[in-house]
Amino acid sequence: MSQPSYAEHPGATPAVRGTNVMAILSLVFAFVFSPLGIVFGHVAKKQIRQRGEQGDGLATAGLVLSYVFTILGILWIVFVFVVAANSGSTTS
């Protein structure tokens, strides 16, 4: 005997899963501390697959922004070190 579908029960609504908290944290930490946003984003994606929760778009956005901001931060640090190293050497 099979389970009755939602169509057979007009008043029944499917269970709505909430938004994954790690997905929200991934998006927030993309702006606050992007390496942590990367970690939260990957954990959120795994939890969303396992639990069937909402928030896959948030996790993806958090991951993309976190990676972009992390790369920009690394490039900025490299740029500052290069400028600092070249500022000490003067040629006459």
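First things first, this report covers the structure right here in the doc. Note that the coordinates shown come from a computational prediction; the quantities given were computed from them, not determined experimentally. (Residues numbered from 1 in each chain as written. Predicted model: local features only at pLDDT ≥ 70, side-chain atom pairs only at ≥ 80, totals over all residues. Heavy atoms only, no water.)

**With respect to the pattern of salt bridges**
Item 1. For the structure on display, the rule yields 2 salt bridges.
Item 2. Across the pair Lys45 and Asp56 runs a salt bridge whose closest N-O atoms are separated by 2.9 Å. Separated by 11 residues along the polypeptide, Lys45 in helix H2 (residues 34-51) and Asp56 in helix H3 (residues 56-87) bring together distant segments of the chain.
Item 3. Looking at Asp56, the relative accessible area reads 39%, which means it is partly exposed.
Item 4. Between Arg51 and Glu53 there is a salt bridge, with the nearest N and O atoms lying 3.9 Å from each other.
Item 5. Exposure remark for Arg51: the relative accessible area of 45% places this residue in the partly exposed category. (Salt bridge = Lys/Arg side-chain N within 4 Å of Asp/Glu carboxyl O. Helix = DSSP H or I, 4+ residues; strand = E, 2+ residues; numbered from the N terminus. Buried < 20%, exposed > 50% of the residue type's maximum accessible area, 1.4 Å probe, protein only.)

**Re the side chain of Thr70**
Item 1. When you line up the elements, Thr70 lands in helix H3.
Item 2. Looking at Thr70, its side chain comes within polar contact range of the side chain of Ser34, at 2.9 Å.
Item 3. If sequence neighbours within four positions are ignored, Thr70 has contacts with Ser34, Pro35 and Ile38. (Polar contact = N/O pair within 3.5 Å; in protein donor to acceptor, adjacent residues only side chain to side chain. Contact = heavy atoms within 4.5 Å.)

**Some thoughts on the environment of Phe69**
Item 1. Mapping Phe69 onto the fold places it in helix H3.
Item 2. A sequence separation of 34 residues divides Phe69 from Pro35, and the C-alpha atoms of the two residues are 8.6 Å apart.
Item 3. Setting aside residues no more than four positions away along its own chain, Phe69 makes contact with Ala30, Phe31 and Ser34.

**Notes on the packing of helix H1 (residues 21-32) against H3**
The relative placement of two packed helices comes down to the angle between their axes together with the axis-to-axis distance.
Item 1. The interhelical angle for the contact between H1 and H3, taken along N-to-C directions, is 25°, at an axis separation of 8 Å. Classed by the angle they form, the pair H1 and H3 counts as roughly parallel. Of the two elements, H1 crosses H3, and the hand of that crossing is left-handed. Listed contacts from H3 to Ala23, Ile24, Ser26, Leu27, Ala30 and Phe31 of H1 are Leu58, Ala59, Ala61, Gly62, Leu63, Leu65, Ser66 and Phe69.
Item 2. Residue composition of the contact of H1 with H3, grouped by class: 11 nonpolar, 3 polar and no charged. (Axes fitted to C-alpha atoms, helices over the stretch in contact; angles between N-to-C directions. Parallel < 35°, antiparallel > 145°, perpendicular 65-115°, else oblique. Left-handed = near helix turned anticlockwise from the far one by under 90°. Nonpolar A, V, L, I, M, F, W, Y, C, P; charged D, E, K, R; others polar.)

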